[in-house]
Amino acid sequence: MASVLSSLCMYSLTLSPPSATTQAIVGDFAGLGRQQILSANGSLLTIFEVSRLQNGFIIHHTHDIFGIIRGIASYRPHSAKKDFIIVSSDSGRVVVLEYVHEKKQFEQIHLETFGKSGVRRVIPGQYLVADPKGRACMLASVEKNKLVWILNRHPTQGFTISSPLEAHKPQTFVYALLGLDVGYENPIFAALEVDYSEIEQDATGVAYEEYEKQLVYYQLDLGLNHVVRLWADTVDRTSHILFRVPGGTNGPSGALVCGVDNITYRHMNQEAFRVVIPRRSGATENPNRRRQIVAGTMYSIKGGGFFYLLQTEDGDLFKVALELEETKANPNGAVKRLKIKYFDTVPVASSLCLLRSGFLFVACESGSRILYELEALGDADDDPWFHSDNYPADPAVDAKPAFFQPRPLRNLNPVETMQDLNPVMAAKVVNLSNEDAPQIYTLCGTGARSSLKTVRNSLAVLDLVESQLPQPASAVWTTKMTVDDVHDSYIVLSLVSMTLVLSIGEDVEEVTDSGFMKETTTLAVQQWGPDNLLQIHPRGIRHINADKVASDWHAPQHRTIVTCATNNRQVAIALSSGEIYYFECDSDGALAKSTDESKMDGTILCLGLGQIPEGRVRSDLLAVGTDDQAIQILSLVPDARTGHRLKQQSIQLTSSPPSSLAIMSMKDRSSQGSTLYLHVGLISGIYIRTALDEHDGTMSEIRKKFLGHKPVKIVPCVVKKENAILILTSRPWLGYSDPKNNSLALTPISYLPLESAWTFSSSQFEGMIGIHEDELRIFAIDEIRSNITQDSIPLTYTPHRFVSHNSLFYVIERENHTLAPKMRQQLIEDAKHKAIESGKKNGVTKEEDDETELLPENFGYPYSEFHWSSCIEIVDPVEGKAVVKSFELDNNEAAVSIVMVPFDSRESETFLAVGTGKNIGWPATQHENFIRIYRILENGRSLELVHKTKLPKLPLALLAFKGMLAVGLGPDLALYDIGMKQLLRKSLLEKATPSCIMQLHTQGSRIVCADQRESLTYVVHKGQGNRLIAFVDDSIARYTTCSGMTDYETTVGGDKFGNIWMLRCPPDVSTNADEEGEGIHLLQKGYLGGTPNRFELMMHYFTQDIPMAVQKTPLTPGGEDVIFWAGLQGTLGVFVPFGRRKDLTMFQELELAMRKEDKPLAGRDHLAYRGYYAPVKGVVDGDLCERFLLLSRDQKQAIAVAIEGNWPVEKIEASIWTMRGLLAF
Amino acid sequence: MADKLRAQQQLEALQARYVGTGHADTTKFEWTSNIARDTYSSYIGHPPMLEYISLGMGQPREKVRAQMIDKMIQPVGKPPAVQD
């Protein structure tokens, strides 16, 4: 029993990395003379470039640092040719990185420990800024601590950093930090600070009322090597963000200090200049609402001068500029005025990157990241400037508000979006569209930019041409005319009993004089020798020379050709009698039959022949698949001793008869860069790839995967200039080498099932040609970096939860601070009436219609405090791919929970129950809570409100349970049955959980209650006496965000700190709870204020992202169950259970070795990172183990030797591949 | 006695270095203030947490971040009056 696992252990893998941007900065990190964007997402650092040619993003490199990235900064040391990167993380260390473009990796230049690890109040790391001239950097914490490092270039030691200099100030909070541009004078760092020491002492509260916020300059004296507090001045109390003003020879230096309704220019010895932030005008806008700046960027124009793009919380971008006293003679002159004007509106960003190539990259807070092209700098239009002359510099003095009219984009043009999931509000894995593998449905985004996304593991396809065929075809080929042709000339189709030849050109037409035999089916078409063609058909081989003169070789009598394999100079055919004949191309391009023949015992099903390696005359190996489930490798080189060809070299048995064979080299991690592989397709739908030794034909390194339920056909092809294979079974797949780690990747293509396919190349497009039923289709695959495709259906408001029923989704959506549509309409109409009336008075009639054309997707919904907008939407994700119907809730009612419930008392008729609350979250207002019951009409496509039941507390969790409705009412759990006018309470368990139930699950009589703050509680329902009894709960307070039952005893869940854990009810407690009767024996005294029993912890793991959905489900066709989870920031991940003890021990040792050999880049200890809140338990980090593939051969060897048991490198690599390849993607 | 003094000095050094380190006379106000401040700084320090809260509040992250620091100034109300 040594192979049985004593306790559960899982292998954690990331399917899709987080897409929420913590920070994005611009710099030339690769040293290419062009700008790149460095983006921090979760624990990942990504460098990508925006290309005008390809109109999109080119991702250079992605690295998981296994730590929480808090900030990034770039600096360019004196006389360096590229920008270096400083990363602030939770490691308590400052790390300086260099991106080495040639090797595609980050290299640690410096790693300096300065404090405790973790994200703490007084450990620097929250703020990270660098001096613009690259001489120093400062790390600061929210409170008290600031550290400054001097960055140097040492003649012998390269780039160095000094030991840290302290600039601490106790009892002070920092709101923002900035590296001031002072040219080459001593570096200055500016901080926005509040000193709370007085407030802490003053019991009267006067100090709190009057506290001041200060802009403080810290100067680093490079000569004396210390930091001084140079200058401090009071600024507006609401200020919270700073922007750099160019200094030295480029500008006046200083900072823009932004707060509520206020942008002020501040600098030592300079006057303050202030502008207000213009407000939107319009009928639905509150003219008194003050905006604040949430993001922005500064841009220096090449010829001198600079401007800012600053964004408000509505998403409006403003162009802000400084006017200087004497611009030409003295660019460093005093500031004359500050001015601001409306620029355009884009989604609210966490970072804005303005590139020199004229692009604006908007890393949106929610929704896909967008790339805009700058079409104008906002100089030409008629939007008015607002000048600081009109506003007092003192923020305490009230200023007249400025207004602008928002309008569609004028200066920016969206060119590209990244397909991002961030933020994921909920997710479900179900197979609604009856495909081989289930789909992942996610609720994404916020506000009007929210959507329901269908995520599939597949490659996106560009559909180019489709045309109808006269009759269904069985196979298709394309061929060139001569060996030197770049493009294909013919398309050859094998129909039911004939062959059709089409020419490729301006039009695709049938060719009659091609020389091909028409009245037969075809087995293969091959461009032969320099300029000949071959057609292999069941009765023989037709050889067509350059003058289209055909000559035939006939198969022996009473025998037909069953299968064949060809390349430019070699042909192998298999006869129905089991013989293999071999031909080569002779010097004048004719077919020369070899005298050697080989006879197989079984029926030959398929043959495989590789392409001729460069500089050789033939490919040496022939693969033969026979129906006795064997693949033999024959040599095509005359044997040294006997002179015979077709000698058997090696044999491989398979689990079912092979249906297709191919020999092709593929890019991999070997020292040559690529290896020859034998690709095998089996009748059972399994694909196998084995490495083939070029000389002796031995097979090794087996990878196999079940791909579909039809016999597999293999078609070699080229994707992105690399060899790949198209695998046809019940759906098409692509086998290629993963661009990230060069291991084999198998991904389905999001395309129709194909009968047959071949490569296609013409002057217009390159791609693949295939047959689907009686259609000829040409398509191309041009992106293999992401193996995930998304379909998006836009929704109205921020979606929160959904249920599926009859392959439809019912989504509840709600939006805080948003006017309901009715109210909006009312306001707009009122304004119109007013305008018309005032127009009448003045004798002018003017139509005000510009309000309606602003799409909420771009401009958001009108903000209004103390208003809820909410709706229930029916979405058809399969057929219509759209919202079917939408039901708005009115009166500030917002939907919080949803479930489909069949009521026993209504003959199991299914109703939709929606929990709602009125005025949620507003203090000092009347709160009301309801459950709305809807009848389902029109096969689920419409709803009718049956009744509304008032409840004492907010029903955050609903569950269909034993033909009734279980409701979580705060901490209480209640059972309701349907009545005529309202729901009727049947049972109630008060204080089922300590604080608030937010999710319910059930199996049998057991209900799992997930509490918002206090982990899980299991409750059993006793039919006799209709009693609910809580019998087991947890010993740790987990702030549950999501949960899902994995079996009757076990529940997996996630909490809002980013942990995933699994809890199991002890078996004796579980059986005890299910004993028959009223459950009196369960009503024992509680233990330590909870239930009498406690869970056992099975697994605990820190994921960094907040899990929003977790579910036990298979993900691949025919795959076993895994635990799938989706994180708020867009992470999709799985936990794959280990099956064998041997594998587990290997992976545990590998993980241990990887922690030492491949230390996390930012200096975080990997074990501490994964055990951030509680020690990691029962999980091996697969993402770390997969980095093994990226190590050098020597490092791999060293690790492999140290692992106990017989684990050569190849076997470890195979295990790593299997863990991801079989059950995940 | 020397030991006691040294322990005292060490404690004071610790308290100066790591804000929030308690001592025998820590008041409820100090203690709760520290917890609240630690909590808020943790909320803004963990990017997913800040996003989670900002989504719940329906406000941009930067705005929520500034609000959290504002709350850190006096997280648990006025300090108690000093008793002589």
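Residues numbered from 1 in each chain as written. Chains lettered and ligands numbered in written order. Predicted model: local features only at pLDDT ≥ 70, side-chain atom pairs only at ≥ 80, totals over all residues. Heavy atoms only, no water.

Each regular strand carries side chains that alternate between the two faces of the sheet. Residues and elements named next belong to chain A. Within strand β77 (residues 972-978), seven of the seven residues are buried, which leaves the element mostly enclosed by the surrounding structure. Across the two faces of β77 the burial is the same, with D972, A974, Y976 and I978 and L973, L975 and D977 all buried. Here five bridges tie strand β76 (residues 964-969) to β77, and the two strands are oriented antiparallel to one another. Across the sheet, residue V967 finds its bridge partner in β77, namely A974. Between β76 and β77, which pair antiparallel one after the other, the connecting turn spans two residues, and G970 there sits at a positive phi close to 55°. Pairing between β77 and strand β78 (residues 983-989): six bridges, direction antiparallel. (Buried < 20%, exposed > 50% of the residue type's maximum accessible area, 1.4 Å probe, protein only. Helix = DSSP H or I, 4+ residues; strand = E, 2+ residues; numbered from the N terminus. Pairing = 2+ DSSP bridges.)

Right, let's talk about the UniProt feature "domain: RSE1/DDB1/CPSF1 C-terminal" (unreviewed entry) in chain A for a bit. Following the UniProt record, one finds the feature "domain: RSE1/DDB1/CPSF1 C-terminal" (unreviewed entry) at residues 870-1189 of chain A. When the span residues 870-1189 of chain A is considered, its composition is 11% helix and 50% strand, and the gap between its end C-alpha atoms is 49 Å. (UniProt positions renumbered as here; feature names shortened; annotations may be inferred.)

In this complex, chain B contributes 37 residues to the contact, which on the side of chain A involves 59 residues. Where chain B abuts chain A, roughly 4,000 Å² becomes buried across the two surfaces, and 59% of that area is made up of carbon and sulfur atoms. Sorting the residues of chain B by area buried against chain A places Y52, R61 and I73 of chain B first, and these three jointly supply 15% of that buried surface. The interface formed by chain B and chain A includes three salt bridges. Residue E200 of chain A is joined to R37 of chain B by a salt bridge in which the shortest nitrogen-to-oxygen separation is 3.0 Å. Mapped onto the side of chain B that touches chain A, the elements with two or more residues apiece are α1 (2-17), α2 (28-45), α3 (47-57) and α4 (61-73) of chain B. Per-element tally for the side of chain B that touches chain A: the top contributor is α4 of chain B, with nine residues. Of the residues that constitute the side of chain B that touches chain A, the class distribution is 20 nonpolar, seven polar and ten charged. (Contact = heavy atoms within 4.5 Å. Buried area = accessible area lost by both parts, 1.4 Å probe. Salt bridge = Lys/Arg side-chain N within 4 Å of Asp/Glu carboxyl O. Nonpolar A, V, L, I, M, F, W, Y, C, P; charged D, E, K, R; others polar.)

Residue and element names in this part refer to chain A. Ranked by size, the top nonpolar core spans 51 residues in total, and within it L215 and L242 carry the most contacts. Excluding residues that lie within four positions of it along the chain, L215 makes contacts with A190, A191, L192, W231, A232, D233, V235, L242, V257 and R266. If you look at the next biggest cluster of nonpolar residues, it comprises 50 residues, including Y11, I440, M1146 and F1147. (Core = buried A, V, L, I, M, F, W, Y, C linked by side-chain atoms within 4.5 Å.)

All names here are of chain A. Strand order in the open sheet formed by five strands is β88-β89-β90-β1-β91, and the pairing between neighbours is mixed. The two strands at the open ends of the sheet, each matched to only one other strand, are β88 (1107-1114) and β91 (1179-1181). Within the sheet, the average angular offset between the axes of one strand and its neighbour, ignoring direction, is 30°. The pairing of β88 with strand β89 (residues 1121-1127) spans seven bridges and is antiparallel. Within β89, the residue paired with V1110 across the bridge is W1125. (Axes fitted to C-alpha atoms, helices over the stretch in contact; angles between N-to-C directions.)

Below, the discussion takes up the pairing of strand β20 (residues 255-259) of chain A. Residue and element names in this part refer to chain A. Most of β20 is tucked away: five of the five residues are buried. Both strand β19 (residues 241-244) and β20 contribute to a ladder of four bridges, which runs antiparallel. Of the residues in β20, the one forming a bridge with F243 is L256. Between β20 and strand β21 (residues 262-266), which follow one another and run antiparallel, lie two residues, and D261 among them has a positive phi close to 55°.

Another point: the packing of aromatic side chains. Taken as a whole and judged by the stated rule, the model has 39 aromatic pairs over all chains. An angle of 35° between the planes, with centres 4.8 Å apart, marks the rings of F802 of chain A and F809 of chain A as tilted. Here F802 of chain A matches F809 of chain A in class, with each residue buried. Considering the side-chain rings of Y40 of chain B and Y43 of chain B, the 6.3 Å spacing of their centres and the 80° angle between planes classify their relative orientation as edge-to-face. (Phe/Tyr/Trp six-rings, centres within 6.5 Å; stacked < 30°, edge-to-face > 60°.)

Before going further, it helps to spend a moment on the pattern of salt bridges. All names here are of chain A. Per the counting criterion, the structure on display carries 70 salt bridges over all chains. With a closest N to O distance of 3.0 Å, R1164 and D90 form a salt bridge. Of the two residues, R1164 sits in the loop between α6 (1141-1157) and α7 (1166-1170) while D90 sits in the loop between β7 (84-89) and β8 (93-100), which places them 1074 residues apart along the sequence. You'll find R1164 and D90 in the same group, each marked buried. For R456, the salt bridge is made with E435, and the minimal N-O distance between the two is 3.0 Å. Of the two residues, R456 is situated in strand β36 (residues 451-457) and E435 in the loop between β34 (424-430) and β35 (439-444); the sequence distance between them amounts to 21 residues. The exposure class assigned to R456 is buried, which follows from its relative accessible area of 19%.

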